[in-house]
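Coordinate analysis (summary)
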Amino acid sequence: MKRSWILAITLVSILMFIVFLFPNVSKSFSNNNKNLNISDAKVRSAVEMIESGEGNPMEAIFALREVVEADSTHRDAQFYLGQFSIMSGQWNKAIDRFNKVLKIYPSDAYAMESLAIARFQKGDKNGAVEDLKNYLESFPNSSRDSELRTLLESYQGEIQSEVEEVQ
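Notes on the structure follow. (Residues numbered from 1 in each chain as written. Predicted model: local features only at pLDDT ≥ 70, side-chain atom pairs only at ≥ 80, totals over all residues. Heavy atoms only, no water.)

A closer look at the packing of helix α4 (residues 75–87) against helix α5 (residues 91–104)
Threshold: Axis lines are fitted through C-alpha atoms, for helices just across the contact stretch, and the angle between N-to-C directions can take any value from 0 to 180 degrees. Starting at the N terminus, helices and strands are each numbered in turn, a helix being any DSSP run of H or I of at least four residues and a strand any DSSP run of E of at least two. The scheme is simple: roughly parallel for angles under 35 degrees, roughly antiparallel for over 145, roughly perpendicular for 65 to 115, oblique for anything else. Note on convention: the crossing is left-handed when the near helix lies turned anticlockwise from the far helix by less than a right angle, right-handed when the turn is clockwise. Any pair of residues with heavy atoms lying within 4.5 Å of one another is described as a contacting pair. Each residue receives one of three labels: charged for Asp, Glu, Lys and Arg, nonpolar for Ala, Val, Leu, Ile, Met, Phe, Trp, Tyr, Cys and Pro, and polar for the others, Gly being one of them.
Contact geometry of α4 with α5 gives a least axis separation of 8 Å together with a crossing angle of 155°. Judged by the angle between their axes, α4 and α5 are roughly antiparallel. Where α4 crosses over α5, the handedness of that crossing is left-handed. Across the interface between the two elements, Arg-75, Gln-78, Phe-79, Leu-81, Gly-82, Gln-83, Ser-85 and Ile-86 of α4 pack against Trp-91, Lys-93, Ala-94, Arg-97, Phe-98, Lys-100 and Val-101 of α5. Here the contact of α4 with α5 is built from residues that sort into 7 nonpolar, 4 polar and 4 charged.

Okay, here's the thing in structure tokens:
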């Protein structure tokens, strides 16, 4: 009984959030634009649910998956599914999500950086080094330039240490 109340309150909250966010959606918008706005609202709501720690995180993941099923090119849904895959240690899923984002948006800085981190965590240190090099070449004046160069050097140092151990 208690769980059904929590679910009902969560659903009402999400609906109120959507209504509040888009109170004046014009009828002249096409169905495609309405779906995009609803998709964006679903993504925002799901991300807030997970980041706040309130509610069932699997409901949020299911909402993100619904968005991706309806539109596989939805950047934010793919990206956040990748981020949450990193959080749960699902490196292959994270890598797949970030690659999908980069296929659609080849110069997405956050996806490039996240891909490198996921690859490194998976154990693909050479792939992570390549990804960081690509990022640094693509964004030479990034505000995170020095931080990512340090990370790159760290990854390269770990690779070198492993090579020396084998020899």
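Considering the nonpolar core
Counted only if it meets this: Residues belong to one nonpolar core when they are buried, are Ala, Val, Leu, Ile, Met, Phe, Trp, Tyr or Cys, and are joined through side-chain atoms within 4.5 Å. Residue burial is assigned from relative accessible area. The probe radius is 1.4 Å, only protein chains are included, and a residue is buried under 20% of its type maximum, exposed over 50%, and partly exposed in between.
In terms of nonpolar packing, the biggest core is built from 23 residues, with Phe-98, Ala-118, Leu-132, Tyr-135 and Tyr-155 touching the most fellow members. Sorting the residues of this core by element identifies α4, α5, α6 (109–122), α7 (125–138) and α8 (145–166) as the ones contributing at least two each. Among the elements that take part in this core, α6 stands out by supplying 7 residues, more than any other. Those residues within four positions of Tyr-155 in sequence are excluded, and the remaining contacts are Ala-116, Ile-117, Phe-120, Ala-128, Val-129 and Leu-132. Counting residues in hydrophobic clusters, the runner-up holds 14 residues, among them Val-67, Val-68, Ala-77 and Leu-81.

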